[in-house]
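Structure at a glance
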Amino acid sequence: AKSAGSGLYRFYDASLNAIAVRGLELLGRFRQALKENEFCLHYQPKVALQDYRVVGVEALIRWQHPEHGLIYPGEFIGLAETHDLVQPLGHWIIEAVCRQLAQWRDDGLPLVPVAINVSAKQLNDQRLIATVRESLQRHQLSAQWLEIEVTESCFITDLEQARQTLEKLRDEGLRIYLDDYGTGYSSLSHIKALPVYALKIDRSFVRDIRNDNSDGMIVASTVTLARNLGLKVVAEGVETREQLMHLKLMGCDEVQGFYLQRPVAAAQLAPLLQKGWFD
Ligand code: C2E
Ligand code: CA
Ligand code: CA
Ligand code: CA
């Protein structure tokens, strides 16, 4: 039955039907996958443009599926969100990141803060703060080593609740990044009302920064806005040297992207943490 199943996937390939079938299959295995540790985190460095130091890393979830191999979050985060699985998944991620930080520390590596992506549902969940506190305590970590990335979609359903949760996290000592900045519901009132440390410019604006004048303008005005509000600016999705130089010239503080480093497993990141910077 197993081989008949994968044969079907090949046959329909990208059809909506196959995607729906696979979604159902993933959903059916989700809780078991959490218990059996099929999820893992990859890490991508954030690099300061001033001196090319590694100033942090972002944790990105993957699912090492026994049959389908490595599955990216685009395929299962949405499912988790619509089926009440974000809380257990989020819990797993926070604990896994803290365990990893403790491991790096115990291995004698210099630590950098690790940013985790948090979805809207998590911000509306009172248990988030307790989970963060408990994991930090369990691994004897200071809150400065955890950071939070949120997208503006987090503020659509309940801005006030999200704001309160973020303020508590900030008061605990965690930095908050506004992710995918410039897409969707960008609103100055969000930035003003929320305890944000930095804006992360979406990679769609970085892609054509050299050729598309309006993308360049968006990046430039984001940098200006951030400067005036005392926020840092991080650009994501930097794939070329040209893009990096352009962003540097525009006054962007930090970059992330395949050009410097793809997201990799913890063990592969260790040498870079040890070294601490890019040449
Ligand atoms: P994101 O937070 O905007 O993460 C950046 C995405 O861009 C990642 O995709 C990363 O692998 C990819 N990326 C990094 N550098 C480059 C580059 O130079 N070029 C290109 N083309 N892409 C680059 P990934 O890992 O597939 O994650 C996709 C999205 O899934 C994330 O977007 C985030 O919204 C969500 N996600 C990932 N991990 C988690 C998690 O642990 N929890 C939650 N709630 N969401 C997560
Ligand atoms: Ca992110
Ligand atoms: Ca992003
Ligand atoms: Ca994104």
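Quick summary incoming for the structure in this document. What you are looking at is a predicted structure, and each value in this text was computed from that prediction instead of being measured. (Residues numbered from 1 in each chain as written. Chains lettered and ligands numbered in written order. Predicted model: local features only at pLDDT ≥ 70, side-chain atom pairs only at ≥ 80, totals over all residues. Heavy atoms only, no water.)

**Points about the site of ligand 1**
The following threshold applies: One heavy atom within 4 Å of a molecule or strand is enough for the residue carrying it to be called near that molecule or strand. We define a polar contact as two N or O atoms separated by no more than 3.5 Å, with the added condition that, inside protein, one atom must be a possible hydrogen donor and the other a possible acceptor, whereas residues neighbouring each other in sequence contribute only through side-chain atom pairs. Working definition of accessibility: Shrake-Rupley area with a 1.4 Å probe, residue cover restricted to the visible protein chains. Where helices and strands are cited, they refer to DSSP runs of H or I of at least four residues and of E of at least two residues respectively, numbered from the N terminus.
Near ligand 1 there are 21 residues, and of these Gln44, Arg62, Arg203, Glu239 and Phe258 occur at the shortest range. The contact in question runs from an oxygen atom of ligand 1 to an N or O atom on the side chain of Glu58, over 3.2 Å. Here an oxygen atom of ligand 1 and a side-chain polar atom of Asn117 are 3.0 Å apart. Relative to its unbound accessible area of 800 Å², ligand 1 is 82% covered by the protein chains. Only β2 (54-65) and β6 (175-181) provide two or more residues apiece to the shell around ligand 1. Ranked by residues supplied to the shell around ligand 1, first place goes to β2 with 4 residues.

**Quick word on the environment of Lys248**
Rules: Contacts are assigned to residue pairs that have any heavy atoms within 4.5 Å of one another.
Residue placement: Lys248 occurs in helix α11 (residues 241-250). Separated by 100 residues in the primary sequence, Lys248 and Ile148 place their C-alpha atoms 24 Å from one another. With residues up to four places along the chain from it excluded, the contact list for Lys248 reads Leu49 and Tyr52. For Lys248, the side chain forms a polar contact with the main-chain oxygen of Leu49, separated by 3.4 Å.

**Some words on the pattern of salt bridges**
Between side chains of opposite charge, a pair can form when the charged atoms approach closely. The condition is simple: Any carboxyl oxygen of Asp or Glu that lies within 4 Å of a side-chain nitrogen of Lys or Arg is treated as forming a salt bridge with it. For each residue, the accessible area found with a 1.4 Å probe, counting protein chains only, is set against the maximum for its type, and the residue is called buried under 20%, exposed over 50%, and partly exposed in between.
This model, assessed by the stated rule, comprises 18 salt bridges. When the shortest N-O distance is used, the salt bridge between Glu75 and Arg22 registers 2.5 Å. Highlighted residues: Glu75 in the loop between β3 (69-71) and α3 (77-82) and Arg22 in helix α2 (residues 16-35), separated in sequence by 53 residues. Overall, Arg22 belongs to the buried group, its relative accessible area being 19%. Ionic pairing is found between Arg138 and Glu95, a salt bridge with its closest N-O pair at 2.5 Å. Separated by 43 residues along the polypeptide, Arg138 in helix α6 (residues 127-138) and Glu95 in helix α4 (residues 86-106) bring together distant segments of the chain. One salt-bridge network, in which partners are shared between bridges, spans Lys46, Glu58, Glu147, Glu149, Arg175 and Lys200.

**Points about the coordination of the calcium ion (ligand 2)**
The condition is simple: Coordinating donors are taken as N, O and S atoms within 2.8 Å of the metal, stretched to 3.2 Å for Na, K and Ca; because water is absent from the atoms, sites can appear incomplete.
With distances of 2.2 to 2.3 Å, the protein atoms coordinating the calcium ion (ligand 2) are Glu58 (OE), Asn117 (OD1), Glu149 (OE) and Asp179 (OD). Look at where the donors of the calcium ion (ligand 2) fall in the sequence and you get E-x58-N-x31-E-x29-D. In this structure, the calcium ion (ligand 2) lies 4.0 Å away from the calcium ion (ligand 3), the two metals sharing Asp179 as a donor. With Glu58 in strand β2 and Asn117 in strand β4 (residues 114-117), this pair connects stretches of sequence that are 59 residues apart. On the basis of relative accessibility, which here comes to 6%, the residue Glu58 falls in the buried class. On the accessibility criterion, Asn117 (29% relative accessible area) is partly exposed.

**Quick notes on the environment of Asp125**
Relative to the assigned elements, Asp125 resides in the loop between α5 (120-123) and α6. Here Asp125 falls in the buried class, since its relative accessible area comes to 14%. Spatially, the C-alpha atom of Asp125 lies 12 Å from that of Leu85, the residues being 40 residues apart in sequence.

**With respect to the packing of aromatic side chains**
Quick reminder of the rule: Under the pairing criterion, centres of Phe, Tyr and Trp rings, with the six-membered ring standing for Trp, must be within 6.5 Å; the plane angle then separates stacked pairs below 30 degrees from edge-to-face pairs above 60, leaving the rest tilted.
Under the definition given, this model contains 9 aromatic pairs. Between Phe39 and Trp63, the ring centres sit 4.9 Å apart and the planes meet at 40°, which makes this aromatic pair tilted. Of this pair, Phe39 sits in strand β1 (residues 39-48) while Trp63 is found in strand β2, placing the two residues 24 residues apart along the sequence. The class of Phe39 is buried, set by a relative accessible area of 3%.

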